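# Examining the three-dimensional arrangement
What follows is each chain in one-letter form.
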Amino acid sequence: MSTIILTLVTGVGLGALYFLVASGLSLIYGLMHVLNFAHGAFLTLSAFLGWMVAQALGTESWWSFLVSILVGAAVGAVFATLTELVLIRPLYERHIEQVLVTVGLSFAAVALFEGVWGTDAIPISGPPWLKETTEILGARIPNVYWILMLAAGLVLAALVLFLKKTRYGMIIRAGVENRSMVTALGIDVRRSFTLVFAIGGAAAGIGGVLAMHYSTFVSAHLGSTLLIFAFIVTVVGGLGSLTGAAVASVLVAVLQQFANFYLGGTGDFIVVILLAVVLLVRPSGLLGRKA
Amino acid sequence: MSAILDVSDLRCSIAGQPVVESVTFSVPATGITAVLGRNGVGKTSTLRGILGLIHRRGEVRLAGERIDALPTHRIVQRGVGYVPEDREVFAKLTVAENLALAERQRNPRREFVAELFPDLVNRRDQMAGTLSGGQQQMVSVARALMNDNQLLLVDEPTKGLAPKIVTEVADALEEAAKTVPILLVEQNLEVVKRLAHDAIVIDSGRVVHVGPAREILDDEDLTQRLLGVHAERQADAGTAPSSEAHS
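The numbers attached to residues start from 1 for each chain and follow its sequence in the written order. Ligands are numbered from 1 and chains lettered from A, in the order in which they are written. Only residues with pLDDT of at least 70 are given local features in this predicted model, and only at 80 or more are side-chain atom pairs given and counted; all residues enter the totals for whole chains, interfaces and linings.

As named in an unreviewed UniProt entry, chain A is Branched-chain amino acid ABC transporter permease, taken from Microbacterium schleiferi. UniProt positions are given in the numbering used here, feature names are shortened, and annotations may be inferred rather than shown by experiment. UniProt lists a comment for chain A under the heading Sequence similarities (unreviewed entry), and it reads "Belongs to the binding-protein-dependent transport system permease family. LivHM subfamily." Under Subcellular location (unreviewed entry), UniProt gives the following word-for-word description of chain A: "Cell membrane".

### Here's the deal with the overall build of chain B
Strands here mean DSSP runs of E at least two residues long; helices mean DSSP runs of H or I at least four residues long; both are numbered from the N terminus. Check the secondary structure of chain B and you find eleven helices and ten strands. Each radius of gyration is computed over the set of C-alpha atoms, and the globule rule expresses the reference value as 2.2 Å times the number of residues to the power 0.38. Relative to its length of 247 residues, chain B is compact, with a C-alpha radius of gyration of 17 Å against a globular reference of 18 Å. Expressed as lengths along the three principal axes of its C-alpha atoms, the size of chain B is roughly 50 × 45 × 35 Å. Burial statistics for chain B: of 247 residues in total, 49% are counted as buried. In chain B, once contacts between residues fewer than 6 apart in sequence are set aside, the share between residues at least 24 apart is 68%. Partly exposed residues are those falling between the two cut-offs: more than 12 but fewer than 20 other C-beta atoms within 10 Å of their own, whereas 20 or more means buried and 12 or fewer means exposed, with C-beta atoms placed from the backbone. A residue pair is marked as a contact if its C-beta atoms, positioned from the backbone, fall within 7 Å.

### Looking at the interface of chain B and chain A
With 19 residues of chain B at the contact, the number on the chain A side is 14 residues. The set of elements that each furnish at least two residues to the side of chain B that touches chain A consists of helix H2 (72-77) and helix H3 (95-102) of chain B. Any residue outside Ala, Val, Leu, Ile, Met, Phe, Trp, Tyr, Cys, Pro, Asp, Glu, Lys and Arg is labelled polar, Gly included; the first ten of those are nonpolar and the last four are charged. For the side of chain B that touches chain A, a count of residues per class yields eleven nonpolar, three polar and five charged.

### Brief notes about the UniProt feature "transmembrane region" (unreviewed entry) in chain A
Residue and element names in this part refer to chain A. If you check UniProt for "transmembrane region" (unreviewed entry), the listed places come out as residues 6-30, 37-57, 63-87, 99-124, 144-163, 193-214, 226-254 and 261-281 in our numbering. Span residues 63-87 is 100% helix and 0% strand, its end C-alpha atoms 35 Å apart. Taken end to end, residues 193-214 is 100% helix and 0% strand, and its two terminal C-alpha atoms sit 31 Å from one another.

### Let's talk about helix H1 (residues 43-51) of chain B
Residues and elements named next belong to chain B. With nine of nine residues buried, H1 is to be regarded as a mostly interior element. Within H1, burial applies to Lys 43, Thr 44, Ser 45, Thr 46, Leu 47, Arg 48, Gly 49, Ile 50 and Leu 51. Phi turns positive one or two residues past the end of H1, at Gly 52, with a value near 80°.

### A closer look at the nonpolar core
Across soluble globular proteins, nonpolar side chains show a tendency to be buried alongside one another. Remark: nonpolar core denotes a set of buried Ala, Val, Leu, Ile, Met, Phe, Trp, Tyr and Cys residues whose joining runs through C-beta atoms within 7 Å. Counting 181 residues, the largest nonpolar core has A:Tyr18 and A:Leu20 as its most contacted members. Not counting residues up to four positions away in its chain, the partners in contact with A:Tyr18 are A:Phe229, A:Ala230, A:Val233, A:Ser249, A:Val252 and A:Ala253.

### Brief notes about the environment of A:Tyr214
All names here are of chain A. Note on placement: Tyr 214 falls in helix H8 (residues 189-215). By the C-beta count within 10 Å, which is 21 here, Tyr 214 ends up buried. In this structure, Tyr 214 is in contact with Leu 17, Val 144 and Leu 148, ignoring residues within four places of it in sequence.

### Quick notes on the pairing of strand S7 (residues 151-155) of chain B
Residues and elements named next belong to chain B. The element S7 is extensively covered by neighbouring structure, given that five of its five residues are classed as buried. Neither face of S7 is exposed, since Leu 151, Leu 153 and Asp 155 on one face and Leu 152 and Val 154 on the opposite face are all buried. When DSSP finds two or more bridges between two strands, those strands count as paired. Relative to S7, strand S6 (residues 80-83) runs parallel, the two being bridged by four bridges. The residue of S7 that forms the bridge with Val 83 is Val 154. Bridge analysis of S7 against strand S8 (residues 182-185) gives four bridges, and the strand direction is parallel. The residue bridging Leu 152 from the neighbouring strand is Ile 182, located in S8. By the criterion used throughout, a crossover qualifies as right-handed when its path from the first strand across the helix to the second strand runs clockwise, the strands pointing away from the viewer. In terms of handedness, the path from S7 via helix H7 (residues 163-176) over to S8 forms a crossover that is right-handed.

### Notes on the packing of helix H1 (residues 2-32) of chain A against helix H5 (residues 144-165) of chain A
Residue and element names in this part refer to chain A. At a minimum axis separation of 8 Å, H1 and H5 run at an interaxial angle of 40°. Comparing their axes, H5 and H1 come out oblique. The hand of the H1/H5 crossing is left-handed. Contact residues: H1 offers Val 9, Thr 10, Val 12, Gly 13, Ala 16, Leu 17, Phe 19, Leu 20 and Ser 23, while H5 offers Tyr 145, Leu 148, Met 149, Ala 151, Ala 152, Val 155, Leu 156 and Leu 159. For the contact of H1 with H5, the class distribution of residues is 14 nonpolar, three polar and no charged. Axes, fitted as lines to C-alpha atoms, cover a helix only where it is in contact. Angles between the N-to-C directions of the axes lie from 0 to 180 degrees. Convention used here: angles under 35 degrees read as roughly parallel, angles over 145 as roughly antiparallel, angles from 65 to 115 as roughly perpendicular, and any remaining angle as oblique. In this scheme the handedness of a crossing depends on how the near helix is turned from the far one: anticlockwise by less than a right angle means left-handed, clockwise means right-handed.

### Overview of unusual backbone geometry
Residue and element names in this part refer to chain B. Of note, the phi angle at Ala 63 is positive, near 50°, even though the residue is not glycine. Among the secondary structure elements, Ala 63 is positioned in the loop between strand S4 (55-62) and strand S5 (65-66). Residues other than glycine seldom take positive phi values, yet Asp 86 does so here, at roughly 65°. Tracing the backbone shows Asp 86 in the loop between S6 and H3. By the C-beta count within 10 Å, which is 15 here, Asp 86 ends up partly exposed.

### Thoughts on the environment of B:Ile54
Residues and elements named next belong to chain B. Mapped onto the fold, Ile 54 is located in the loop between H1 and S4. Under the C-beta neighbour-count criterion, Ile 54 is labelled buried, with 20 such atoms within 10 Å. Between the C-alpha atom of Ile 54 and that of Thr 72, which follows or precedes it by 18 residues, the distance is 9.5 Å. Those residues in contact with Ile 54, other than ones at most four positions away along the chain, are Cys 12, Ile 14, Ser 45, Arg 48 and Gly 49.

### Section: the environment of A:Thr59
Residues and elements named next belong to chain A. Relative to the assigned elements, Thr 59 resides in the loop between helix H2 (39-57) and helix H3 (62-88). Here Thr 59 falls in the partly exposed class, since 16 other C-beta atoms lie within 10 Å of it. A sequence separation of 67 residues divides Thr 59 from Gly 126, and the C-alpha atoms of the two residues are 5.1 Å apart. The contacts of Thr 59, once residues within four sequence positions are left out, are Ala 54, Ser 64, Ser 125 and Gly 126.

Shown next as structure tokens:
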């Protein structure tokens, strides 16, 4: 029983991490029809800079942990905004070129990060509590999973509030449905493109700092590894659906954890099978719009 | 009479394929001007070209100022309201949100719209995708009426609607036309007869006739020749001809 609880809770925690990366991907695709392969680079840079700040402030304090998360969010948002303004916007309506430029940026960014921080993974540390466990129904859950769930819950709530309660949120929801009609109401939809990139980058930045604590290291490839699963989550949930991304994050990660534990470490394989089944049976994803 | 819109040698294409060859016409600063024509001649594309929603070349002037190089949102901000074919309401947004999105000016005309479409007030919290076709059309027209525009482009507002709703939509357009000129694409010739003062007939991507709407519609031979349909027969049927699809 305690093993099931452990697998389930760690699955939900890992799903929370996937959601932090996938939420931005999904929003960006939904509004702009761009699969952003550079999203992992936002995450990695945020993790590196978050780690540098944490080191400067003292890695064991909660204060430095919180500041490093905020720095990660800010770095992710700024990097994503610059990417949209400098690389994506000049290629407006040229979706294939936009995707290609994000692929190029992702490769260039990894090479740059390796040049600056080296090719080896750098071990990191944080508040000691993160390495401790909390017992739930006999299962000893590593505390970092609670932080992942808390962060994803807060990001989800903030995104939902933003989308439901603000004019820009309304524009983004309308743009996901019918972008040209939004412009035909006199709204410059390109501003919301930049905003969506910034929001997605901030969420990825938070995810980057937390992924670093989850992995206990930071490396130039931190984002690329997570990005693969974030893409799977985005497709399974339905491109453009935030709720779909949230549901699929948990589903994919829980399935992955259970398969890893009970089916001899086949978690990644099972997840790819799930992706194939969803694409065959429901190509629009669990909560995506039908084409 | 002065013109609010001057279109000169407008050519439009979609995915590289020409859909409007070369249209030239003016829209008077008052009343409703109808754009008529057979199926697929480029009426809808002409409206979309004026708005910059599809690739276009040529000259378009709004109140004397060129707007053909502007992006769509800037053209709309200059005071052009648009009611698209097939309504294009945002299905997952409420009625109130659909209308709020359209508000561009500090004092949007909420009361005017509420008087025209009281049903929408009662349904303000309903998802637009769950409305009937007629109610969705009201949302679409209401969005265009939220601001003090210089011109409205209205594309087939009565398409697929029940006769009672057709009358309601026509009433709303008639009321709106008291304050803003309208360029109307419409297949229902009875509605055109009731609302439009002038008419522009397009065929094969070109303007082939311009004149008072009644002059065309009261002349059965002219109607048959230009539009391929008998206005009288259509009136008897009470709807747009079934052979006509949207262009």
